[in-house]
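# Remarks on the overall topology
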Amino acid sequence: MTHNLDPAYAGKHASYFEDNRSEMAAFVPSHAKVILEVGCGNAAFAAMLKASRNVVITCIEPFEPAAVIARQRVDRVICSSIEDGVSELGSERFDCIVANDVLEHLVDPWDAVSKLSVLLKPDGAIVASVPNVRYLPVFNDYVLRGEWRYRQSGVLDRTHLRFFTQASLRDLFESSGLRVDQLEGINPTQLSWRFRMLHMLVGGALDDTRFKQLACVCRLPSAAASSSV
């Protein structure tokens, strides 16, 4: 089944679908052998995992040109919306489900996370990243300049429908009954000395603004608390 995606995606530069997101590999549990990646693009991340680990990877990718490339790299690709792809998987279960900068594109990420959690094995994990709406350049624009400008890529990508902070990302997963075992910022930016001084004056309350994205590892409440990444 194919999916007619918003034309905005067709105008994306090829690199948009090819980023291998190498910084996210460390979050995938070492024991994970059967993996699902949703919104895989060209499956560059999945291909990197397959090159370094003995894994079987299924991908869901709505954008057909990207799905065609992904099929050459992974074990199976479902070309459909995320929601339809999850339904198609039925009773299949996975050690790890990966969503690298995907949830912010969905109309209802809460429903998506709830449905993805059903696909987890008892000791499985969902590994996800989202753009950080409190990222310093965005923070400066809307707090100091009163601007909120959508762009072709980045935190305010014009295809983003939802925006997350650390607190709201935690709530997204916990509202679906998952336990957030790890939540941290990734891809930090260099802070100016002026901002570092402000950061100190407010008692470190702006620490999260250093990070372009947030990453988390979430598990079912019944999973052993000692599960390792």
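Please refer to the structure placed before this passage.
Here is a short report on the structure shown in this document. All figures in this text were calculated on a predicted structure; none of them were measured in a lab.

About the cut-offs
- Residues numbered from 1 in each chain as written.
- Predicted model: local features only at pLDDT ≥ 70, side-chain atom pairs only at ≥ 80, totals over all residues.
- Heavy atoms only, no water.
- Buried < 20%, exposed > 50% of the residue type's maximum accessible area, 1.4 Å probe, protein only.
- Helix = DSSP H or I, 4+ residues; strand = E, 2+ residues; numbered from the N terminus.
- Arc of directions from axis to C-beta.
- Contact = heavy atoms within 4.5 Å.
- Salt bridge = Lys/Arg side-chain N within 4 Å of Asp/Glu carboxyl O.
- Pairing = 2+ DSSP bridges.
- Axes fitted to C-alpha atoms, helices over the stretch in contact; angles between N-to-C directions.

## Some points on helix α7 (residues 166–174)
- Burial in α7 covers these residues: Leu169, Leu172 and Phe173. Taken around the axis of α7, the buried residues stretch over an arc of 90 degrees, which confines them to a single face.
- Packed against the buried residues of α7 are α5 (109–118), β5 (120–131), β6 (179–188) and β7 (211–219).

## Observations concerning unusual backbone geometry
- The residue Ala43 is not glycine, and still its phi comes out positive at about 65 degrees.
- By secondary structure assignment, the location of Ala43 is in the loop between β1 (34–38) and α2 (44–52).

## Some words on the pattern of salt bridges
- Per the counting criterion, the structure on display carries 14 salt bridges.
- The salt bridge partner of Asp75 is Lys50, with a shortest N-O separation of 2.8 Å. With a gap of 25 residues between them, Asp75 in the loop between α3 (64–70) and β3 (76–78) and Lys50 in helix α2 connect regions that are remote in the sequence.
- Looking at Asp75, the relative accessible area reads 44%, which means it is partly exposed.
- Glu174 is paired through a salt bridge with Arg170; the nearest N and O atoms lie 3.7 Å apart.

## Considering α2
- Those residues of α2 that fall on the buried side of the exposure criterion are Ala44, Phe45, Ala46 and Leu49.
- Residues of α2 that are buried make contact with β1, β2 (56–60) and β4 (94–100).

## Digging into the environment of Asn140
- Locating Asn140 in the fold gives a position in helix α6 (residues 136–144).
- Along the backbone, Asn140 and Thr209 are 69 residues apart, and their C-alpha atoms lie at a distance of 9.8 Å.

## As for the sheet that holds β4
- Pairing within the open sheet is mixed, and its seven strands lie in the order β3-β2-β1-β4-β5-β7-β6. Taken across any chain shown, the strands that pair with only one partner, and hence form the sheet edges, are β3 and β6. Taken over all neighbouring pairs, the strand axes of this sheet differ in orientation by 15 degrees on average, direction set aside.
- The sheet contact formed by β1 and β2 spans five bridges and is parallel. Residue Leu36 lies in a different strand from β2, and its bridge partner there is Thr58.
- Sheet contacts for α2: β1, β2 and β4; angle to β2, the most-contacted strand, approximately 180 degrees.
- Packing against the sheet, α5 makes contact with β1, β4 and β5, and its axis sits at approximately 150 degrees to β5.

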